[in-house]
Amino acid sequence: MTRDECQWTLVYDGFNPEQEGLRETLCTLGNGYFATRGAAPDSRADGIHYPGTYLAGGYNRLTSIVAGREIENEDLVNLPNWLPLTFRIDEEAWFELGDTDLLSFRQRLNLRCGVLYRILRFRDHRGRTTRWQERRLVSMANPHLAALEVRLTAENWSGRLTLRSALDGAVTNSGVERYRKLEGRHLETLEVKQADDDTLLLRVQTSQSHLQVAQAARTLLFRNQRPISAEVVIRPGPDGIVQELSCDLQQGDIVTAEKIVAMHSSRDPAISEPALAALQSLRRTGRFNDLLAKHALAWRHLWDECDIALEDHSNGRTLLKLRVHIFHLLQTVSIHTVDLDAGVPARGWHGEAYRGHIFWDELFIFPFLTLRLPILTRSLLRYRYRRLTEARRAAAAADLPGAMYPWQSGSSGREETQRMHLNPQSGRWLPDNSHRQYHINLAIAYNIWMYHQVTDDHEFLYFYGAEMLLEIARFWAGLATYNAAMDRYEIKAVMGPDEYHTAYPDSDPEQAGGLDNNAYTNVMAAWVLNRARDVLDLLPELRCRQLCERIGLCREEVDNWQDISRKLRVPFHGDGIISQFEGYGDLEEFDWQGYREKYGNIQRLDRILEAEGDTPNRYKLSKQADVLMLFYLFSADELALLFEQLGYPFDRDTIPRNVAYYLERTSHGSTLSQIVHSWVLARTDRQGSWHLFQTALDSDIGDIQGGTTAEGIHAGAMAGTIDLMQCCYLGIEMRADILHFDPVLPQDLTCVRVRLRYRRQVLDVTANHEMLQISSLAFTTDTITVAYRGQYRQIAPGGRRTFNLFVPCRQAEKEQCPLSKQDQK
C-alpha cells in the first residue's frame, strides 16, 4: 500500500482466534441507525466469534435471578444476524475455517469509504484450494441497507458448489461473559417466509418493549458479472430462514455471491409496517456496486467535514489511529441519528458492554461533534430533553426539586444502573451504588452551555436547553444542605467520577453509601448555579417569564442559588491539595509498587482488592481523574474566579501540585483517565502529555484493558483523543463571543490541520510550531472574532487570518499551569 493508503486502512494479517473479538469490534460497520460487528459471515457465536447487529436505541428489559433476588436489566438487543453466508463442495460438510489448512489471511478496513475486506486462501482435506474475497458495507447513504459480496475462486478443483445464505433470529445477548448467567433471549419470531424467488423475510419482536424489526435479504450468484441460474432450495425454520444456491464450477471459475439486506423497525418514521418497508427498500435497491458508489460518496462528504490532518514522527500511525476513532464515532452517531430517539452509548453500537446504556461520556464526545456536525449534538441533547419529565420524577421520588438524570440511561430515562454487579475476579455479586454519580447532571448542564457557546443556537436554548439547565440547577440547590457552624453548604452522600470510592471505610456495604463534599461535584454545582442565572438573562423577557411561570421558578429561589454558589464547601488537605472528598486526606496510602509486582496490571484495583477481602475505600487511590476533571473542563482563570467566588484562595502554583499528587495515585482503570491526564499535562509536561495521548490512542486498538474492547468500543476515549488534538493542542477556548487559539504542539507533533464550525462559519485551521492560520470558507453569515495571545482579529466568510506564534522559550510563565478546557463565560 502507498503511504496515503496506510493512513486510511486498518490491516490484520493472519488469523488469530484470541484476537478475533477485538477485530470484530474494530471492524464493526454502522451508519448511526444500526451497526453490525465485523464477524466472518461463516461464523457463529462460539467463544471465538460473536456476530452482533444492534439498532440505535433498540432496548428490551428482562428479569433475572441474581444472588437470590429478582433483578430487571434493560439491554441493547442483539438483533437477527443477517450475515450468514457459507459454502460447501459437492455434498460434503459446510466450510469451517478451522477444518482447513489456511494458506493466507488478510482483513482490511478501508476507513475512507467504510468497506471491510477479507481475503483468504485455504486448502481442504482433499487438497482443494479455494480463494475467498469478501467486501462488506453498512450503507451510510441509506440507513436501512447493508451488503455483502463474496467471490469464490476454485483454484485447482471442479465440482458442485452450494452457497448457503440465511437470516438467523435464534440469537441471544451473550457477548459479555459476566452477563451470560443472566437472561439473554430478547427476541420472539413473528414471521418467516420466502417473499419471492430471490427474497427471504424475517420479522421479530422484542419480548417486553415490543419493538418489531424486519429484515429482507436477496442473494444472487454471478459468473463473470452474468447472473447464474442456480438451483435454489428454501428452508424456513422456527427462528430463521435459509436459502441454498447450487451451481457447477470448473477449475479456475470465479463465482460471486451478492447478498443485499434491508432492515426496518416499527419505530421508523414514514412507513406503514417494518416488513413491508424492508421488502420495498430491497426491491428498489440495485447491485452491490450501486450501493457502494453512493455509500462511498456519503463517507467522502463526512470526511470533508470531520477529518484531521497532522504531521508527526510516527510514520502515519498516529493519524491512522485518530481516523479509526473518527470513523467509529461517525458510525455511532451520524446524520441518520438526527431523527432517532437515541443517545450516544459509552460503548457505541458495537457490542453489549454496559448494556448499551448512555452515561456521562457525551461530556467527552460532544466537543468533537459540536465543532464539526453541531446538528448531531442538538439531536443528542434532545434525547435528554425528552427524558426531562422522568428526571423530574426521579428527583421528586428522592424528595428533591428539579430534575435528577440517571447515571445510566436507556429507553425511558429511568435509572438503569444495576443494583448488583459481578466482580469476575472473585465471582461475587456485590451491591452497586454507582447510581449516586449525580455528577451526570453536571455534565448535561455543561454540554448544554457548551453547545450554545459554539453554535449561538438561541432557539434550542429557548425551547429546550434553558429548561433543562434550570431544573438541574434546582436539583443541586435542593441537594445542598446548610451547615450553620461552618456557614457553608454541603453536598453529601454522592460519588465522584473516580468510582473506586463508593463510601467511607468500614461503612455497611448494604447501606446507601456515598461520600460528602466531593470537590469536583461542589465546584461544578457552583458553576451550574452561575450558568442558570446567566441563562435567565439570555432569554427574551417574554420567554423568560413564560418559562418561569410554567416551571414555578420564583425570584427568591434564584436568589438562593446565588447564596449557595458562594458558600459550597471545598475540602483541602496538605499543601494546597484539593481533597477529592471530605476525609480523603485521612485515608491510607496505597502500596503501588507491591501490587504492581504482585499483579502486573492493576488498572482494576477495585476488583483486585475486593477479591482479597479489602476495599479501595480505605486508600488514597483513584480509578480515573476526579479532582483533575476541574482542570480539564475549566481554564486557570475560570477556576480562580470560581474559588474566589466560593471564598477560597487560589494560587496557580497549586495546579501542577494537584496534578502531580493525583496522577501518582491513579490506576487509570478507565480509558477516559489518560485523556484527562494528557490534557492537564499539556503545558507543564508536553512530552508526558504526548505519551499519555499515545496510550489513549491505543485504548481500543491495543485493547489496553485486556479484553474489554471485544465487548464494544470506548466512545468517550476515542472522542477524547480527537478533542486533545483539535482543542487542547490548538489551545481553543470560547470566551465572551470570541474564539481564542493558543497552539502549543508537543515536540513530536509538527503540524495540525482541522476544519471546525463556529457560529455558522466553517474554518480551516492550520498550526505548526511557528504559525497559526485560520481561513473561513465562503458563506453568507456574520463576522466572528478570533484571537491569539491578546491579538484580536475580525474574520468574515471567505477571509483569512495568520498569527506568528511565540516560540516555546517565551512560554515559561504560561507553562506554570496546565491548559484546561474553555471557561465559557
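So, here is what we can say about the structure in this document.

Reading the values: the criteria
Residues numbered from 1 in each chain as written. Predicted model: local features only at pLDDT ≥ 70, side-chain atom pairs only at ≥ 80, totals over all residues. Heavy atoms only, no water. Pairing = 2+ DSSP bridges. Helix = DSSP H or I, 4+ residues; strand = E, 2+ residues; numbered from the N terminus. Axes fitted to C-alpha atoms, helices over the stretch in contact; angles between N-to-C directions. Salt bridge = Lys/Arg side-chain N within 4 Å of Asp/Glu carboxyl O. Buried < 20%, exposed > 50% of the residue type's maximum accessible area, 1.4 Å probe, protein only. Disulfide = S-S within 2.5 Å. Arc of directions from axis to C-beta. Contact = heavy atoms within 4.5 Å. Expected span 1.5 Å × (residues − 1). Bend = angle between axes of the 7 residues up to and from the residue. Phe/Tyr/Trp six-rings, centres within 6.5 Å; stacked < 30°, edge-to-face > 60°. Lys NZ or Arg CZ within 6 Å of the ring centre and 35° of its normal.

Our focus in this paragraph is the sheet that holds strand 28 (residues 738-741). Sheet architecture is open: four strands sit in the order 27-28-32-33, paired in mixed fashion. With partners counted over all chains shown, the strands left at the sheet margins are strand 27 (733-735) and strand 33 (791-795), one partner each. Sheet twist, expressed as the average angle between the axes of neighbouring strands with direction ignored, equals 30°. For strand 32 (residues 784-788) and strand 33, the ladder comprises five bridges, and the chain directions are antiparallel. The partner of Thr-785 across the bridge, within strand 33, is Gln-794.

This brings us to the sheet that holds strand 34 (residues 800-804). In space, the five strands of this open sheet follow the order 20-29-30-31-34, with antiparallel pairing throughout. In this open sheet, the two strands that pair with only one neighbour each are strand 20 (308-312) and strand 34. Across the sheet, the axes of successive neighbouring strands diverge by a mean angle of 10°, strand direction being ignored. Pairing geometry for strand 31 (residues 771-776) and strand 34, over five bridges, is antiparallel. By the bridge assignment, Gln-773 is partnered in strand 34 with Thr-802.

The full count for this structure, using the stated rule, is 69 salt bridges. A salt bridge links Glu-390 to Arg-393; the nearest nitrogen and oxygen atoms lie 3.1 Å apart. Highlighted residues: Glu-390 and Arg-393, both in helix 8 (residues 388-397), separated by three residues, approximately one helical turn. On the basis of relative accessibility, which here comes to 23%, the residue Glu-390 falls in the partly exposed class. Taking the relative accessible area as the measure of exposure, Arg-393 reaches 52% and is therefore exposed. The partner of Arg-683 in a salt bridge is Asp-742, with the nearest N and O atoms 3.3 Å apart. Taken as a pair, Arg-683 in the loop between helix 19 (672-680) and helix 20 (686-701) and Asp-742 in the loop between strand 28 and strand 29 (749-758) lie far apart in primary sequence, 59 residues in all. Comparing Arg-683 with Asp-742, the two get one shared label, buried. Connected through salt bridges with shared partners, the residues Arg-392, Glu-467, Glu-471, Arg-474, Arg-550 and Glu-557 form a single ionic network.

One pass over the structure, following the stated rule, counts zero disulfides. No disulfide involves Cys-728; its sulfur sits 8.7 Å from that of Cys-727, the nearest cysteine. A relative accessible area of 1% means that Cys-728 is categorised as buried.

A separate point is the pairing of strand 12 (residues 159-168). In terms of burial, strand 12 is a largely internal element, seven of the ten residues being buried. As paired strands, strand 7 (residues 85-89) and strand 12 are joined by five bridges and run antiparallel to one another. Bridge pairing links Thr-86 to Arg-164 in strand 12. Sheet topology note: the strand 12/strand 18 (residues 240-249) ladder contains ten bridges and is antiparallel. Opposite Arg-164, over in strand 18, you have Glu-244 as the bridge partner.

Regarding helix 12 (residues 541-551), the residues found buried are Arg-543, Cys-544, Leu-547, Cys-548 and Ile-551. The buried residues of helix 12 occupy one face: seen down the axis, they fall within an arc of 125°. Helix 12 presents Glu-541 and Glu-549 as exposed residues on the side facing more than 90 degrees away from its buried surface. Tucked inside the fold, the buried residues of helix 12 contact helix 8, helix 10 (458-479) and helix 11 (519-538). Once helix 12 finishes, Gly-552 follows within two positions and takes phi at roughly 70°, a positive value.

Here we come to helix 10. Between its first and last C-alpha, helix 10 extends 29 Å over 22 residues, near the 32 Å set by a 1.5 Å rise per residue. Largest kink in helix 10: about 50°, centred on Gly-465. In terms of residue burial, helix 10 counts as a mostly covered element, since 18 of its 22 residues are buried.

Once that is clear, we can look at the packing of aromatic side chains. According to the stated counting rule, one finds 41 aromatic pairs in the structure shown. Ring centres of Phe-95 and Trp-132 lie 6.0 Å apart, and the angle between their planes is 25°; on these two criteria the pair is classed as stacked. Of this pair, Phe-95 sits in the loop between strand 7 and strand 8 (101-110) while Trp-132 sits in strand 10 (residues 129-138), and the two are 37 residues apart along the sequence. Like Trp-132, Phe-95 is buried. Residues Tyr-788 and Phe-803 carry aromatic rings whose centres are separated by 6.1 Å and whose planes lie at 55° to one another, so their mutual orientation is tilted. In this pair, Tyr-788 is assigned in strand 32 and Phe-803 in strand 34, connecting sequence segments 15 residues apart. A residue is classified by how much of its surface remains accessible, and Tyr-788, at 0% relative accessible area, is buried. Three or more aromatic residues link up through ring pairs in this structure, and these residues are Tyr-354, Phe-359, Trp-360, Phe-364, Trp-407, Tyr-632 and Trp-679. One Lys or Arg, Arg-164, reaches over the ring of Trp-94 and ends 4.3 Å from the middle of that ring. Positioned over the ring face of Phe-222 is Arg-287, at 3.6 Å from the centre of the ring.

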